Amino acid sequence: MRRHPADITPLTFLDYPKKAACILWYTGCNLRCPYCYNPELVLGCSDGGVDEMAFLRERRGFLDAVVLSGGEATLIRDLAGLCADIKDLGYFIKIDTNGSNPDILADLIDRKLIDYVAMDNKMPSTRTWKLPGGAKLFDRFSLSLQALEASGLPYEIRTTVHPGLLEESDLLQMIRECEQLGYRGTYYLQYFFNAGPTLGNLEPPTRRYDRPLLDKYAPLRIGYRNFPEDRGKN
Ligand code: SF4
């Protein structure tokens, strides 16, 4: 049986390129990233109770797109059915995923139920820090990336970064591995957002990244999001 989201962000111009979108937030995730700032969504497993279809019917003509997020979007129950219902209302659909469910992603692509994907890359293939739920994560991420690359669908790859978890060498390896898998877009680095409790109770970063070094050696263009040195700039 389908579950409802726990919350809705009614309007954003930041989460779907060039579209006015809302975000539906669903509970449940198969990973436990220490920097995750949505512990209540990740650890929750109940029906959120928000009537998303009523909201979307009401906003037709005002919104272009729906972002399915969480939590992990590919774990949403009856995801294909949900996407089909949203598409019937005329919306574009973006999903936010950690790349761990390549079969589900490929099915959505094959059935033309999604229009844009933002996929997280969590760690380099050789990195040893343990991520609960992360067994063979890179293998699954690679299959997801290959499915996206073969589809022609627009997508982006991004990594949430905290200097205490990922060094510059890790980031360069991750970018290189995506480039070797065929990715040619901008690789987004999103700075750890320290606005409240996280799953791993992370301390604030004690140093900044060497961005000139990253830009010099990365084989893809890097897009920096929410970096402290950029805050306050237009
Ligand atoms: S950051 Fe994303 S993948 Fe990681 S625990 Fe949070 S919702 Fe799950």
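This one's a predicted model, so the numbers in the text were calculated from it and none came from an experiment. (Residues numbered from 1 in each chain as written. Predicted model: local features only at pLDDT ≥ 70, side-chain atom pairs only at ≥ 80, totals over all residues. Heavy atoms only, no water.)

Visitor: What's the story with empty space enclosed by the protein in this structure? I'm lost.
Guide: To find leftover empty space, a probe the size of one water molecule is rolled over the atoms. Considering all chains together, one arrives at one cavity of 30 Å³ or more under this definition. Roughly 40 Å³ of volume is contained in the largest cavity. No other element matches helix α5 (residues 137-151), which puts three residues into the lining of the largest cavity. Looking at the lining of the largest cavity residue by residue, the class counts come to four nonpolar, two polar and two charged. (1 Å grid on protein atoms, 1.4 Å probe; cavity = no way out; pocket = protein on both sides within 12 Å on 5 of 7 lines; lining within 4 Å. Points joined across faces, edges and corners; volume = space filled by probe spheres on them. Helix = DSSP H or I, 4+ residues; strand = E, 2+ residues; numbered from the N terminus. Nonpolar A, V, L, I, M, F, W, Y, C, P; charged D, E, K, R; others polar.)

Visitor: How should I be thinking about the pairing of strand β8 (residues 222-225) in this particular structure?
Guide: Remark: a regular strand shows side chains that alternate across the two faces of the sheet. Of the pairings in the sheet, the one linking strand β7 (residues 187-191) to β8 comprises four bridges and is parallel in character. Residue pairing for β8: Leu189 is matched across the bridge by Tyr224. Traced from β7 through helix α7 (residues 211-217) to β8, the parallel crossover comes out right-handed. (Pairing = 2+ DSSP bridges. Right-handed = clockwise from strand over helix to strand, strands pointing away.)

Visitor: Sorry if this is basic, but what is going on with the layout of surface pockets here?
Guide: Considering only enclosed or pocket space, the largest pocket measures out at about 1100 Å³ in volume. Together, 36 residues line the largest pocket, and Asp15, Tyr37, Arg158, Thr160 and Gln190 are the ones closest to its centre. Of all the secondary structure elements, the ones that give two or more residues to the lining of the largest pocket are β2 (21-25), β4 (92-97), β5 (116-120), β6 (155-161) and β7. Among the residues making up the lining of the largest pocket, the classes are represented as 18 nonpolar, nine polar and nine charged.

Visitor: Would you mind showing me how to read the pairing of β4 here?
Guide: For β4, the tally of buried residues reaches five of six residues, placing the bulk of the element in the interior. When strand β3 (residues 65-69) meets β4, the two strands line up parallel, connected through four bridges. What sits directly across from Val66, in β4, is Ile93. Crossover connection from β3 via helix α3 (residues 79-88) to parallel β4: handedness right-handed. With four bridges joining them, β4 and β5 adopt parallel strand pairing. Across the sheet, the residue bridging to Thr97 is Met119, located in β5. (Buried < 20%, exposed > 50% of the residue type's maximum accessible area, 1.4 Å probe, protein only.)

Visitor: Honestly, the side chain of Ser144 in this entry has me stumped. Any pointers?
Guide: Structurally, Ser144 can be placed in helix α5. Judged by its relative accessible area of 1%, Ser144 falls in the buried class. When neighbours within four sequence positions are excluded, Ser144 is seen to be in contact with Gly99, Asn101, Pro102, Leu105 and Met119. (Contact = heavy atoms within 4.5 Å.)

Visitor: Would you mind going over helix α6 (residues 168-180) with me for this structure?
Guide: Side chains three or four residues apart in an α-helix point the same way, a direct result of the helix having 3.6 residues per turn. End to end, α6 covers 18 Å across 13 residues, agreeing with the expected 18 Å (1.5 Å per residue, within 8%). Among the residues making up α6, those that are buried are Glu168, Asp170, Leu171, Leu172, Gln173, Met174, Ile175, Glu177 and Cys178. Check the buried side of α6 and you find it contacts α5, β6, β7, α7 and β8. In the stretch just after α6, Gly182 is the one whose phi turns positive, near 110°. (Expected span 1.5 Å × (residues − 1).)

Visitor: Please explain the site of the ligand as it appears in this structure.
Guide: Within the structure, the ligand sits among Cys29, Leu31, Arg32, Cys33, Tyr35, Cys36, Val42, Gly71, Asn98, Lys122 and Leu199. For the ligand, the cavity whose grid points lie within 2 Å of the majority of its atoms is the largest pocket. In the shell around the ligand, the residues fall into seven nonpolar, two polar and two charged. (Near = heavy atom within 4 Å. Sits in = over half its atoms within 2 Å of the grid points.)

Visitor: What's the story with the packing of aromatic side chains in this structure? I'm lost.
Guide: What characterises a pair of aromatic rings is the spacing of the ring centres plus the angle enclosed by the ring planes. Under the counting rule described, the total for this entry stands at six aromatic pairs. Geometrically, the ring pair formed by Tyr16 and Tyr116 is tilted, given 5.5 Å between the ring centres and 40° between the ring planes. Placement of the pair is Tyr16 in the loop between β1 (7-12) and β2 and Tyr116 in strand β5, with a sequence separation of 100 residues. Judged on exposure class, the residue Tyr16 and its partner Tyr116 are both buried. Measuring from centroid to centroid gives 6.4 Å for Tyr209 and Phe227, while their planes differ by 45°, and the two rings are tilted. Placement of the pair is Tyr209 in the loop between β7 and α7 and Phe227 in the segment after β8, with a sequence separation of 18 residues. Here a set of aromatic residues connected by ring pairs shows up, and it is made of Tyr191, Tyr209, Tyr224 and Phe227. Lys19 extends its terminal NZ or CZ atom over the ring of Phe92, reaching a point 4.2 Å from the ring centre. (Phe/Tyr/Trp six-rings, centres within 6.5 Å; stacked < 30°, edge-to-face > 60°. Lys NZ or Arg CZ within 6 Å of the ring centre and 35° of its normal.)

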